[in-house]
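In case you want the letters, here they are:
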Amino acid sequence: MSREEEIARTFVELADTLVQDFDVIDFLHQLTARCRDIFALADAAVLLAYPEPEHMYSPAPCDPSPALARVLDLAPREGPAVEAYRTAATVAPGDLAHAPADWERFTAPAREAGYTYAAAVPMRLRRQALGALLLLSGNGSPLPAQDLSTAQAFADAATIGLIHARTLHRAGTVDQQLHTALHSRILIEQAKGYLAAQRGVCLNDAFTALRGHARHHRVLLTTTAQHVLTTGSLTTAPPAGRPPTDTSSTE
């Protein structure tokens with residue numbers, strides 16, 4: 001599949017929020033995965049300022065690497081994502097070796113984790129801002145202007161999708177998912193670690209199995225994660241599952 005086809009596919013996925021079994025956490029995770037692959041990034045993450053605008057947190061990706069996990073402890077307090085959210089503008093200072101001085105608590109751990117470049121684009125629609133999309137590179141090269149514009153378009157499409165999902169037909173459910181997204185990521189990480197130890201596989205493979213099972217049974221990732229932690233098994237359908245569908249892909 002060409003790069004242009006991948007970009008078009010991503011826009012289609014980001015428009016798919018008005019389905020009956022919409023899972024906001026899986027939706028945001030998919031956004032970060034697509035950004036990482038299309039822009040050849042080391043990592044990408046969504047940070048939301050919801051429901052309290054002054055406090056940001058990271059619900060996605062659900063499977064952060066150890067390096068990214070360390071950065072996500074600091075990214076909600078300072079750095080490009082916070083600035084992009086507050087200014088509603090793209091933030092791309094370039095090489096982290098020359099980042100603004102007031103990013104010191106973000107920049108030092110990010111460089112220690114192997115990241116050399118950071119940028120962020122806001123997730124906003126007109127005057128309504130939800131958060132920011134953080135983009136991290138390890139090759140020292142800044143993202144081309146065209147890639148930053150495409151990332152902003154992805155963030156805009158995701159924001160529109162989230163707002164529509166809240167206001168048009170599932171406001172209560174989507175609000176609840178957004179409100180609990182941080183705790184949901186922790187729950188998913190616990191289930192992922194349990195499965196990895198149980199099956200003797202890496203954390204990424206454990207997350208792929210968890211996510212594939214949730215999609216096959218058409219339930220939320222958090223429901224599947226809680227089921228694993230409660231029953232110690234991923235071999236049975238999680239509670240409240242809908243009729244399974246044929247999901248040949250777990251992307």
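Preceding this section is the structure that the text describes.
What you see is a predicted model; the values in this text were computed from it and never measured. (Residues numbered from 1 in each chain as written. Predicted model: local features only at pLDDT ≥ 70, side-chain atom pairs only at ≥ 80, totals over all residues. Heavy atoms only, no water.)

Chemist: Even after reading the chapter, I still don't get the nonpolar core, so can you show me in this structure?
Modeler: Within soluble globular proteins, side chains that are nonpolar tend to cluster in buried spots. Counting 48 residues, the largest nonpolar core has Leu 28, Leu 135 and Leu 210 as the members making the most contacts within it. Ranked by residues supplied to this core, first place goes to helix 6 (residues 145–169) with eight residues. In this view, Leu 210 contacts Ile 188, Ala 191, Leu 195, Leu 221, Thr 224, Ala 225, Val 228 and Leu 234; residues no more than four positions away in its chain are not counted. Listed in part, the 26 residues of the second largest apolar core include Leu 68, Ala 75, Tyr 85 and Leu 136. (Core = buried A, V, L, I, M, F, W, Y, C linked by side-chain atoms within 4.5 Å. Buried < 20%, exposed > 50% of the residue type's maximum accessible area, 1.4 Å probe, protein only. Helix = DSSP H or I, 4+ residues; strand = E, 2+ residues; numbered from the N terminus. Contact = heavy atoms within 4.5 Å.)

Chemist: I keep staring at the packing of aromatic side chains and nothing clicks. Help me out?
Modeler: Aromatic ring pairs are defined here through the distance separating the ring centres and the angle between the ring planes. All chains considered together, the criterion is met by three aromatic pairs. Centre to centre, the rings of Phe 11 and Phe 154 are 5.0 Å apart; their planes meet at 65 degrees, and the pair counts as edge-to-face. You can see Phe 11 sitting in helix 1 (residues 3–14) and its partner Phe 154 sitting in helix 6, a full 143 residues away along the chain. Phe 11 sits in the partly exposed class, given a relative accessible area of 31%. Through a chain of ring-to-ring contacts, three or more aromatic side chains come together here, namely Phe 11, Phe 39 and Phe 154. (Phe/Tyr/Trp six-rings, centres within 6.5 Å; stacked < 30°, edge-to-face > 60°.)

Chemist: I keep staring at helix 5 (residues 104–112) and nothing clicks. Help me out?
Modeler: For an α-helix, 3.6 residues make a turn, and residues three or four places apart therefore share a direction. Listed in full, the buried residues belonging to helix 5 are Phe 106, Thr 107 and Ala 110. Down the axis of helix 5, the buried set is contained in an arc of 95 degrees. They therefore lie on one face. Pointing more than 90 degrees away from the buried face of helix 5 are the exposed residues Glu 104, Arg 105 and Glu 112. Lining the buried residues of helix 5 we find helix 3 (66–72), helix 4 (80–87), strand 4 (117–125) and strand 5 (128–137). Immediately beyond the C-terminal end of helix 5, within one or two residues, lies Gly 114, with a positive phi of roughly 105 degrees. (Arc of directions from axis to C-beta.)

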